[in-house]
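Topology and contacts: notes
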Amino acid sequence: MAVLQINGLTKRYGPITAVNNLHLKIEAGEVYGILGPNGSGKTTTLGSVLGIIRPNSGTFTWFDGRYGDQERMHIGSLLETPNFYPYLSPVKNLQITAHIKRIGTPRIDAILELVNLAARRDSAFSTFSFGMKQRLAIGAALIGDPDVLIFDEPTNGLDPQGIAEVREIIHRIAGEGKTIIMASHILDEVEKVCSHVAIIKQGNLLANGEVGAILSNDRQVDIGAEDLGRLREVLSNFPGVNSISEKGKLLQLQVSQELSAVELNKLAFDKGMIISHLVMKPKSLESEFLEITAGK
Ligand code: ATP
């Protein structure tokens, strides 16, 4: 099932096009990263699909339209840190969140356990570290047991330990089968946390798909020979050829960056194979990645 389908979403602020004709499809169970440098349109995209920002054009559909007016009940979000009462405990604060969301029997104990705050269940919010506050905000998004969680830069401003804890919590939430959509400007984070990614820059979608395929440092090669079976056998022993799949009458390879087309051709020739087709795809996203923080 498509959890979210975005068709041609465009949002302009005066002369600035924050999101330009965005098409995306997010399936149930995916941890979908929206990766882009600051100002690339991530928050505008999330705000639009949450109904907080009104786009200029385009449409989006949640859950194939099956929940109609009730769809917001199935989505939990953390766009900016919510206001909690400083003198109240996390239990009381989550009870208030549940009341506002009209959730009768919230699983507060389970949520506090999940976000590593069970030991602090009776402390006042004002005594919390920034990391704990952020984890409580994630807990608040989980009230009502939504199918989908939307997080905007969930590790922003946290120290390395806080970052690791939030990433671990996101893994746990995903492990419960929930769909997660999260914005990040950190390449490393998306690689560690997400199953799928859409890379956006200045409102434009540059690439999307499985993280392994989109963010790998490997190059893609299309290669062909008369005897495809034999070619596959020969290539499978080459150092630097990391994966082989079939694509029509060609093989599609993921090869290490160091392996050149000439080398590949020569290696095959040495094994008695005549290559009839060889196209090495340029890694055009490389320069875009450099703008996205590689570290924390
Ligand atoms: P960041 O990580 O810095 O939050 P982002 O990728 O989430 O960036 P957006 O916040 O969506 O990007 O902003 C996209 C573009 O739209 C930016 O150029 C931003 O300045 C502009 N923009 C966003 N909100 C407004 C607004 N309310 N009025 C005018 N311009 C805006």
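1. Things to note about the overall build of the protein chain
- For the protein chain, the count of helices and strands is 10 helices and 13 strands.
- Principal-axis analysis of the C-alpha atoms gives the protein chain an extent of 75 × 45 × 35 Å.
- Considering only residue pairs separated by 6 or more positions, the protein chain has 67% of its internal contacts joining residues 24 or more positions apart.
- Carbon and sulfur atoms make up 49% of the accessible area of the protein chain, which amounts to about 14700 Å² in all.
- Across the protein chain, the 30 positively charged side chains and the 33 negatively charged ones have centroids separated by 5 Å.

2. A few points about the site of the ligand
- In the vicinity of the ligand, the contacting residues are Y13, I16, A18, P37, N38, G39, S40, G41, K42, T43, T44 and E153.
- Between the ligand and G39 there is a distance of 2.7 Å, counted from an oxygen atom to a backbone nitrogen or oxygen.
- Separating an oxygen atom of the ligand from a backbone N or O atom of S40 is a distance of 3.0 Å.
- Summarising the interface, the protein chains cover 59% of the accessible area of the ligand, which totals 640 Å² for the free molecule.
- The dominant element in the shell around the ligand, judged by the number of residues it contributes, is helix α1 (residues 42-49), at three residues.
- For the shell around the ligand, the residue count by class is four nonpolar, six polar and two charged.

3. Details of the sheet that holds strand β7 (residues 179-184)
- Read across the open sheet, the six strands follow the order β5-β6-β7-β3-β8-β9; overall the sheet is mixed. What marks the edges here is a single partner per strand, and that holds for β5 (75-78) and β9 (204-210). Between one strand axis and the next, the sheet turns by 15 degrees as a mean value, whatever way the strands run.
- In terms of strand pairing, β5 meets strand β6 (residues 148-152) through four bridges, oriented parallel.

Parameters at a glance
Residues numbered from 1 in each chain as written. Predicted model: local features only at pLDDT ≥ 70, side-chain atom pairs only at ≥ 80, totals over all residues. Heavy atoms only, no water. Helix = DSSP H or I, 4+ residues; strand = E, 2+ residues; numbered from the N terminus. Contact = heavy atoms within 4.5 Å. Areas by Shrake-Rupley, 256 points an atom, 1.4 Å probe, with all protein chains shown as cover. Lys, Arg positive; Asp, Glu negative; His and termini not counted. Charge placed at Lys NZ, Arg CZ, Asp CG, Glu CD. Near = heavy atom within 4 Å. Polar contact = N/O pair within 3.5 Å; in protein donor to acceptor, adjacent residues only side chain to side chain. Nonpolar A, V, L, I, M, F, W, Y, C, P; charged D, E, K, R; others polar. Pairing = 2+ DSSP bridges. Axes fitted to C-alpha atoms, helices over the stretch in contact; angles between N-to-C directions.

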